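Geometric and topological summary
Listed below are the residues making up each chain.
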Amino acid sequence: MEVIPKYNRIKRMLIFSGVLLLAVLSTGCVEENNLDQNITNQSEDETIMQNEAVMTSEQTQNNGKEITEIKIKITVEGQELTATMDNNPTTQALLEKLPLTLPMTDLFNRELAYHFPEELPAENVTNTGYEVGEIIYWPPGHSFVIMYAQNGEIFSMQKMGHIDSGVEVFEGLGNVNVTFELLDENSELNSSVKLDSTGPVQNLALSNMSVRITSKGHSATFQLYDTVAAKELYEQLPLDLNLTNFRDAQWMFYPPQKLNVTEKEAYHDGKKGELSYYAPWGDVFMLYEDFYAGDEMHRLGIVTEGIDEITEMSDGIRIEKNEISQEVEESKMRISIESNGETVVFELNDGQAAKELYEQLPLTIDVKNYSNNEKIFYPPNKLNTSNTPLANAKTGTLAYYAPWGDVVMFYGNFGTAGGLYELGNVVSGGEHIKNISGTITIKKIVN
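Residues numbered from 1 in each chain as written. Predicted model: local features only at pLDDT ≥ 70, side-chain atom pairs only at ≥ 80, totals over all residues. Heavy atoms only, no water.

**Description of the overall build of the chain**
Each helix and strand in the chain was counted, giving eight helices and 29 strands. Relative to its full complement of 447 residues, the chain shows a buried share of 49%. For the chain, contacts bridging at least 24 residues in sequence account for 68% of all contacts bridging at least 6. For the chain, the computed accessible surface area is about 21300 Å², with 46% contributed by carbon and sulfur atoms. (Helix = DSSP H or I, 4+ residues; strand = E, 2+ residues; numbered from the N terminus. Buried < 20%, exposed > 50% of the residue type's maximum accessible area, 1.4 Å probe, protein only. Contact = heavy atoms within 4.5 Å. Areas by Shrake-Rupley, 256 points an atom, 1.4 Å probe, with all protein chains shown as cover.)

This is how it looks when you write it as structure tokens:
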């Protein structure tokens, strides 16, 4: 029986309708030996319910045999490896995301790690050692990790699988993009556990396009991503449209002209404050609660101001370009970082984390080297990351890594990581970032 994707938005509405219908019409239990015939006679929504009910057993069994291993392919720097994954909830959560290319960070000369924004399920976390080649999940950092060298450390982990051979290729690579995909997408074994085959690029860059959405005296500002769909929405503004609520989690509206989307944009985080587009319906939606859907949602932007205002909106809205006036230009938050006689200037964004860093200035603080493309420092007070966009770090990006509480100045391209938020970007002096060392002075630049 075909497993229907778990989070298809339209079909979940049909499921809800089917539940109500069954509650009214059902008069007894279906006998087990008549189940197949009854399923045949069910309406489409009832069939979907049955599919979802048996999904878990289909994911763990194949022709009556329990699946204990899943094979995946790992590609790095043009070299292909295979890995054997354990069949557990953590692995299944990973498989839902495949194929996937992750910007992995080299840590401690022993591991490559990627921090997922969301927590993965982990039911068998143990405090133990590891073997070279093991693939593990570290719950405190939501970290997916390949252990390529041994240092004897014991720590808490959920074991996920192991690389079959060739793990030495990871040594000395530093930070690197690694692609993960099912080894054979046509095999019965892997198709029975694979839930989602979309593999979009998840590190979309933010643009300089900003929009303001106002309804009933409540307003929110969104920074748009640098995508085809976002640009086409921006060009249609200003607009006066009606709002429709969906599932008590999002407000939807329909721009007059449908937006063109590309395959790499078919991804969204499903987090409160996201602005996305659903191509089959042609609607743009604002999330005021977390709501992840596995079908083709296309990211358009992220809220930078007024995240809690979205909930209070209703009926009609006004959507307009948030063009920067001279007054706003003069009020931009800019900071200077002085080190070894050189000055680097950053312009901060409107996120809450950037504002809280700005309020802690001036600072005289020690800076440290990290990896081969970062300078980091720890502000006295941790920063609140609400209303703060995730970072797609490149040369000149100023970012905040929430799990550690450090501010990061990038002097080389990096990409994305779970918990890495953008604070701003370099305005001048970016060539000096790699030479920053020792004690630095950070000040506000007042116009």
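So much for the structure itself; the text now carries on.
**Here we look at the pattern of salt bridges**
Enumeration over the complete set of coordinates arrives at 14 salt bridges. The shortest N-O distance in the salt bridge between K71 and D164 comes to 3.0 Å. Placement of the pair is K71 in strand β3 (residues 69-76) and D164 in the loop between β10 (155-163) and β11 (176-182), with a sequence separation of 93 residues. According to the relative accessible area criterion, K71 is partly exposed, its value standing at 32%. Taking the shortest distance from any N to any O, the salt bridge between E305 and R212 comes out at 3.9 Å. Taken together, the residues E305 in strand β19 (residues 297-305) and R212 in strand β12 (residues 206-215) connect sequence positions 93 residues apart. Via salt bridges that share partners, K73, E80 and E181 belong to a single interconnected network. (Salt bridge = Lys/Arg side-chain N within 4 Å of Asp/Glu carboxyl O.)

**With respect to the sheet that holds strand β17 (residues 274-278)**
If you walk across this open sheet you meet the nine strands as β14-β20-β12-β13-β19-β17-β18-β16-β15, and the pairing is antiparallel. Looking at the sheet topology across the chains shown, the edges are occupied by β14 (239-242) and β15 (244-246). Adjacent strand axes in the sheet meet at a mean angle of 30° when their direction is disregarded. Taken together, the three bridges between β15 and strand β16 (residues 250-253) define a ladder with antiparallel strand orientation. Following the sheet pairing, T244 is matched in β16 by M252. Along the sheet, helix α6 (residues 228-235) contacts β12, β13 (218-225), β19 and β20 (316-321); its crossing angle with β12, the most-contacted strand, is approximately 50°. (Pairing = 2+ DSSP bridges. Axes fitted to C-alpha atoms, helices over the stretch in contact; angles between N-to-C directions.)

**Some points on the pairing of strand β27 (residues 406-410)**
Of all five residues making up β27, five are buried, and the element is well covered by its neighbours. Neither face of β27 is left uncovered, since the one carrying D406, V408 and F410 and the one carrying V407 and M409 both have all their residues buried. Across four bridges, strand β25 (residues 374-377) lies against β27 in antiparallel orientation. In the sheet register, E374 faces β27, and the bridge partner there is F410. Bridge analysis of strand β26 (residues 397-401) against β27 gives four bridges, and the strand direction is antiparallel. Bridge assignment links Y400 to a residue of β27, and that residue is V407.

**Looking at the pairing of β26**
Along β26, five of the five residues are buried, which leaves the element largely enclosed by surrounding structure. Across the two faces of β26 the burial is the same, with T397, A399 and Y401 and L398 and Y400 all buried. In this structure, β26 lies alongside strand β28 (residues 420-428), joined through five bridges in antiparallel fashion. Note that in β28 the partner of Y401 across the bridge is L420. Once β26 ends, the chain turns through four residues before running back antiparallel as β27, passing G405 with a positive phi of about 80°.

**So, the nonpolar core**
Membership of the largest hydrophobic core comes to 33 residues, with the highest contact counts inside it found for I74, F170 and F180. Apart from residues no more than four positions distant in its own chain, F170 is found in contact with I74, V76, L81, L112, I146, Y148 and I163. Counting residues in hydrophobic clusters, the runner-up holds 29 residues, among them I213, A230, L239 and L241. (Core = buried A, V, L, I, M, F, W, Y, C linked by side-chain atoms within 4.5 Å.)

**Observations regarding unusual backbone geometry**
Residue P99 is bonded to the preceding L98 through a cis peptide linkage, with omega at -5°. The omega torsion of the bond from L237 to P238 falls at 5°, within 30 degrees of zero and hence cis. Among the secondary structure elements, P238 is positioned in the loop between α6 and β14. One non-glycine residue, E77, adopts positive backbone phi at about 50°. The topology assignment puts E77 in the loop between β3 and β4 (79-86). Here the phi dihedral of N387 falls at roughly 60°; this positive angle occurs in a residue that is not glycine. Residue N387 is classed as buried on the basis of its relative accessible area, which comes to 15%.

**Concerning the environment of I74**
When you line up the elements, I74 lands in strand β3. Taking C-alpha positions, I74 is 6.8 Å from E181, a pair spaced 107 residues apart along the chain. Every residue in contact with I74, bar those within four places of it in the chain, is listed here: Q79, E80, L81, A83, I135, I163, F170, V178, T179 and F180.

**Brief notes about the packing of aromatic side chains**
As enumerated under the stated definition, the model contains ten aromatic pairs in all. Ring centres of Y114 and F116 lie 5.0 Å apart, and the angle between their planes is 85°; on these two criteria the pair is classed as edge-to-face. Just as Y114 is buried, F116 falls in that class too. Taking the centre distance of 6.2 Å and the plane angle of 40° together, the rings of W251 and Y288 count as tilted. Taken as a pair, W251 in strand β16 and Y288 in the loop between β18 (283-287) and β19 lie far apart in primary sequence, 37 residues in all. Y288 shares its class with W251; the two are buried. (Phe/Tyr/Trp six-rings, centres within 6.5 Å; stacked < 30°, edge-to-face > 60°.)

Keep in mind these numbers describe shape, not what the thing actually does.
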